[in-house]
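Residues per chain, in single letters:
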Amino acid sequence: MRKNFILLLFIAFASVLSAQQNKQFTLDELIPGGKDFYTYYSRISEQFQWHGDNLMQINGDSVFVINNLSAPQKRTFQFRYADVKENVNRISFAENTDNLIRFYTRNGIGTYNTNTKQETAFFSYPEGSDNRQLSPNNSFLAYTKANNLFIADKNGNETAISNEKNKGIVYGQSVHRSEFGINSGIFWSPDGEKMAFYRMDETMVTDYPIVDISTRIATDKSIKYPMAGERSHEVTIGIYDSKTGKTVYLKTGEPKDKFLTNIAWSPDEKSIYVAELNREQNHMILNRYNAVSGELEKTLFEESHPKYVEPQHPVSFVKNKSTQFVWQSNRDGYNHLYLYDVSGKLLKQLTKGEWEVTDVIGFDEKGQNLFFASTNPTPTDRHIYSVNLKNGKTQRHTSSEGVHSAMVSASGRYLIDRYSAHNNPGKIDLIDTRNGKTITLASAQNPFTDINMPSVELGTIKAADNKTALYYRIIKPANFDTSKKHPVAIYVYGGPHSQMVQNRWRYGSGGWETYMAQKGYVVFVIDNRGTSYRGRDFENVTHRQLGVEEMKDQMRGVEFLQSLPYVDASRMGIHGWSYGGFMTISMLLNHPDVFKVGVAGGPVTDWKYYEVMYGERYMDTPQENPDGYNNSSLLNKADKLKSRLLIILGDEDPVVVMQHSLQFLKASITAGTHPDFFVYPGHEHNMMGPDRVHLHEHITRYFDDNIKKTYNSTIAGFRRVNSDINASISFSDRRIVQSPRSWSR
C-alpha cells in the first residue's frame, strides 16, 4: 500500500514537472497590459539611487540610506505623504539634492531633510496639470495646463507665466514634434531662480482632423500637424525671473521656422546655450545668449553635413570648471565627446574610435573624469567607461557582457550598475571604480526556470553591400526538430533611432516572438543599415531614399532564412509597426512572391503625409526630392499586392495619421487588390492596456489563418484528390507540420 502511494506521488510530481517544462504561454502572460503579465516578467523590485556617496534604497513609503559602504549602516526615513495602505502616494522614484531627498509619488513631489528627519515640502499636482518640473532649489513647481504655463510655491499659490487664449500658441511643452532629443519644454536654471521655456506658435500650421467617437455625437479633436514641404511652426525661448516676475525672450532672429534645440544653462546662470538648426537640417550653429537681455552673445561653432546634422544632447559643463563644456557630435563618423572652452575653442577630442558614446553619466567630484556608456567593444552591448579630461585616458568599469546603464556617486568612486544579458534577466551591482571590486545589490529571478523555452540565438550576416555585418536574432520553438519545415514570422522595424538586436535578456526578444515560437514558427529579427549605433554612414545610407537600402538588407535576411533546411520558404510572414509597418508593406509590394502574409501597424504609406522634422531630415521636401518620394511611396505599387495584408491602426493616431492607411486602401481599390483593415477606436499610435493583448491575438490569428490553415487545406485537398497517396501525405504531414495542439490559439 505504501509503495503504491509513493508511486502515485512520483507520477503526480512527474506530471506536474512535465506540464511546467512544456508550458504553453498565453498572450495575457507575455504582453504588457495582460492580466497575468507580471507572472513571467523579469524585474528587480529594489530601486537604488545615490545620496552623496551613500546608497539610497527606495521601498514603498520608506527610503533606506546606507552610510559608509565599507562598513554599511542603514538609516530609515519614512514619508508622511507616501501612503502605502491606500497606494495613492507610493514612492515611484527618489533622488538626492544636497541634504534633501526628493521623492516622487502619483499625486505630487515632496522633499525630506535627512538631518532633521522631517518633510520640508510637498507639491501636490494641480488638477489638469502636465509637464511638471520642480525647481532645483525646491521652491517652485512649474507645470502646464492646456496651452499655458504656470508655477506654484510651497503653499500652492499659483502664478500664470502665460495667459494665452489662442490655443494655437503653446507654452512650456516639448516642441519640434519631440525630435532632436527634446523631451521637455521647461528648463530651470541651476539655482532655480530663473526658468527657460519654449513658446510654440502653431497658428500658421494647418489643422489636422482627428475624431473622438467616444462622445454621444462624435467630436473634433483636431491637432496641428506640419506635413513635409508645408508650413512649420515657429518657436521662441522665454526666460522667466521668479524674483522680478518678468519674462524676456531670446533674440534668435530669422528664419522663424528654424529648430531651437538642446537648451542648456551656464553654471553662473548668466547665459543660455542653444543648438540651432536650419530647416534643411544640414547646418547647425551653437549660440550663446544673454539670459537677462536675450541678446546673442556669441556663435561658438558650426557643424554641417551634405545629408543632415542631428544634435541630440545639450552642452554639459565640466564640474568645478565653468569655463569648459563637453559636446557630443558624430562629425568624425561616430558619436564622440569633445572638450570646448566657452569661447568656442576646441580643446581636444576626448573619445575616438569606430564605436559610439550612447550616454553621458556624469563627472566625478573634482571634474577630472567623465563617465559614459558606449558600444565599445561590440554594438550589441553597452559598457561603462570613464575618460580623464586632462590626459584623455579611458578606463572600462564593467566586465560582464550585456547592456549596462549606471549612476555615479558624488565623489566618482562608486557606480550603481544595472544590466542584463541574453542569459541574465537582470542585476544591479555596486562597483568601486578605484579597484573594480563588485558587489551584487539585487538580481532578477529567471521567470522561466524549469520551463522548456524557445531558444534565442544571436548571429551576423553580410548586408547587401557585401561588407557590413548585420546582427540578427532567431527564435526557435522548444524541442526544436531540424528535420521539420517550420513557418517563419519576421518582425521588422528598420528605421532610424532603433536597435532591435541587443545583448540584453533573451537578446531583447519580446513576448509575441516567444508566443509565435511556441506555436511552431521560426521568428527572425535583423537590424538593417539605416538603424542606429553603428556610425553615421551606417545610418544615413538611406537619405532621400527611405525603404530602399533597408529592404535590400532585410532581403539578405530572407535569403539566409531560405537557406536553412528547417525553414519552409513557402510559409513566410512579416510584421512591423510604424516604420516597421512601412517596411512590411514595402517588402510585400516589392517582393510579392516571397511572403504569404503581412501585418502592418500604423504604417507610413507615403512620406509626403509625414511631419516636417523627421520627414525632411531623411527625405528632404517633396519639392526638392520628387523622385525619392515617388519611389518610396507605396500608393503607386498597390497593384503589386499578392500576399494577404492586414493594416492596423488607432483611429486617433497623431503620429502616423490615418490618411496614410486610407490612401493605401483607396489605391488598392483602384488597383483591384484586397488588403484587410482593422481599427482600434480611441487609441493613438500604439495600443495600450488590455487592448494590446487583443492586438497581438489579432496579429497571430491573421498569421495562422493565412499560413497554417492554408497549408493544412492544401494537404487536405491532396488527400481528397487521390486517396491512394494518403499514406505518403500522412507521412509528410507528420514530418513537416507540427501537431494541432501546438497551433491552437
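About the criteria used
- Residues numbered from 1 in each chain as written.
- Predicted model: local features only at pLDDT ≥ 70, side-chain atom pairs only at ≥ 80, totals over all residues.
- Heavy atoms only, no water.
- Helix = DSSP H or I, 4+ residues; strand = E, 2+ residues; numbered from the N terminus.
- Contact = heavy atoms within 4.5 Å.
- Pairing = 2+ DSSP bridges.
- Axes fitted to C-alpha atoms, helices over the stretch in contact; angles between N-to-C directions.
- Buried < 20%, exposed > 50% of the residue type's maximum accessible area, 1.4 Å probe, protein only.
- Polar contact = N/O pair within 3.5 Å; in protein donor to acceptor, adjacent residues only side chain to side chain.
- Core = buried A, V, L, I, M, F, W, Y, C linked by side-chain atoms within 4.5 Å.
- Salt bridge = Lys/Arg side-chain N within 4 Å of Asp/Glu carboxyl O.
- Phe/Tyr/Trp six-rings, centres within 6.5 Å; stacked < 30°, edge-to-face > 60°.
- Expected span 1.5 Å × (residues − 1).
- Arc of directions from axis to C-beta.
- pLDDT = per-residue confidence, 0-100.

Some details on the overall build of the protein
What the protein contains, in helices and strands, is 12 helices and 45 strands. Contacts in the protein between residues at least 24 apart in sequence constitute 56% of all its contacts with a sequence separation of at least 6.

Some points on the sheet that holds strand β22 (residues 259-265)
With antiparallel pairing, the 4 strands of this open sheet are ordered in space as β22-β23-β24-β25. Among the strands making up the open sheet, the edge pair consists of β22 and β25 (296-304). Adjacent strand axes in the sheet meet at a mean angle of 20° when their direction is disregarded. In this structure, strand β23 (residues 271-277) lies alongside strand β24 (residues 283-290), joined through 7 bridges in antiparallel fashion. Its bridge partner lying in β24, Tyr273 is registered against Arg288.

Some details on the sheet that holds strand β33 (residues 394-396)
Sheet architecture is open: 4 strands sit in the order β30-β31-β32-β33, paired in antiparallel fashion. On the outer flanks of this sheet lie β30 (357-363) and β33, each paired with one strand and no other. Ignoring strand direction, the axes of neighbouring strands in this sheet form an average angle of 30°.

Observations regarding the pairing of strand β10 (residues 141-145)
Taken across its 5 residues, β10 has 4 buried, putting it largely inside the fold. Summarising the sheet, strand β9 (residues 129-134) and β10 pair through 4 bridges and their orientation is antiparallel. Looking at β10, one finds that Leu134 is bridged to Leu141. As paired strands, β10 and strand β11 (residues 148-152) are joined by 5 bridges and run antiparallel to one another. If you follow Lys145 over to β11, its bridge partner there is Asn148.

Digging into helix α3 (residues 511-518)
The element α3 is largely enclosed, with a buried count of 8 among its 8 residues. Burial in α3 covers these residues: Gly511, Trp512, Glu513, Thr514, Tyr515, Met516, Ala517 and Gln518. Count one or two residues on from α3 and you reach Gly520, which has phi positive near 105°.

Describing the side chain of His233
With respect to the helices and strands, the residue His233 is situated in the loop between β19 (223-224) and β20 (234-241). Residue His233 is classed as buried on the basis of its relative accessible area, which comes to 2%. Of the polar contacts made by the side chain of His233, one reaches the side chain of His176; its length is 3.1 Å.

Points about the nonpolar core
Formed by 56 residues in total, the largest nonpolar core has its most connected members in Ile490, Phe595, Trp607 and Phe664. Of all the elements, helix α6 (residues 579-590) adds the most residues to this core, at 7 residues. Apart from the residues lying within four places of it in its own chain, the contact partners of Phe595 are Ile490, Val558, Met572, Gly573, Ile574, Met587, Leu588 and Ser643.

Looking at the environment of Gly392
Mapped onto the fold, Gly392 is located in the loop between β32 (383-388) and β33. According to the relative accessible area criterion, Gly392 is partly exposed, its value standing at 28%. The spatial distance from the C-alpha of Gly392 to the C-alpha of Asn369 is 9.3 Å, given a sequence separation of 23 residues. Setting aside its immediate chain neighbours within four residues, Gly392 contacts Leu350 and Val387.

With respect to unusual backbone geometry
Residues Glu254 and Pro255 are joined by a peptide bond in cis, for which omega reads -10°. The linkage connecting Asn376 with the following residue, Pro377, adopts the cis geometry, with an omega of 15°. Within the fold, Pro377 resides in the loop between β31 (369-374) and β32. Residue Lys117 is not a glycine yet carries a positive backbone phi of 55°. Positionally, Lys117 belongs in the loop between β7 (108-113) and β8 (118-124).

Focus: the pattern of salt bridges
Scanning all chains against the criterion turns up 32 salt bridges. Lys145 serves as the salt-bridge partner of Glu158, at 3.1 Å between the closest nitrogen and oxygen. With Glu158 in strand β12 (residues 158-160) and Lys145 in strand β10, the pair connects residues that are 13 residues apart, well separated along the chain. Exposure remark for Glu158: the relative accessible area of 41% places this residue in the partly exposed category. Look at Lys145 and you get partly exposed, because its relative accessible area is 24%. Across the pair Arg536 and Asp537 runs a salt bridge, and its minimum N-O distance is 3.9 Å. Given a relative accessible area of 54%, Asp537 falls into the exposed group.

Some points on the packing of aromatic side chains
Enumeration according to the criterion identifies 41 aromatic pairs in this entry. Ring geometry for Trp607 and Tyr610: centres 5.5 Å apart, planes at 85°, overall edge-to-face. In this pair, the class of Trp607 matches that of Tyr610, namely buried. In textbook terms, an aromatic cluster arises when at least three aromatic residues are bridged by ring pairs, as seen for Tyr308, Tyr493, Tyr579, Phe582, Trp607, Tyr610, Tyr614 and Tyr618.

Regarding the pairing of strand β36 (residues 424-432)
Counted residue by residue, β36 has 8 buried out of 9 residues, so it is predominantly covered. In this structure, the hairpin formed by strand β35 (residues 414-421) and β36 is closed by a connection of 2 residues. Across 5 bridges, β36 lies against strand β37 (residues 438-443) in antiparallel orientation. For Lys427, the partnering residue across the bridge sits in β37 and is Ser443. Two successive antiparallel strands, β36 and β37, enclose a turn made up of 5 residues, where Gly436 displays a positive phi of approximately 80°.

What to know about helix α9 (residues 659-671)
The first and last C-alpha atoms of α9 sit 18 Å apart over 13 residues, in line with the 18 Å expected at 1.5 Å per residue. Those residues of α9 lying buried are His660, Ser661, Phe664, Leu665, Ala667 and Ser668. The buried side chains of α9 occupy one side of the element, clustering within an arc of 165° when seen end-on. Relative to its buried face, α9 has exposed residues pointing more than 90 degrees away, namely Lys666, Ile669 and Thr670. Tucked inside the fold, the buried residues of α9 contact α6, β44 (644-650) and β45 (676-680).

Some remarks on the confidence of the model for the protein
Per-residue confidence for the protein gives a mean pLDDT of 91, with 89% of residues at or over 70. For residues 13-17, every residue scores under 50 in pLDDT, and the model assigns this stretch 0 contacts once sequence neighbours within four places are set aside. Note on residues 715-745: pLDDT under 50 across the span, and 41 contacts to partners over four residues away in sequence or across chains.

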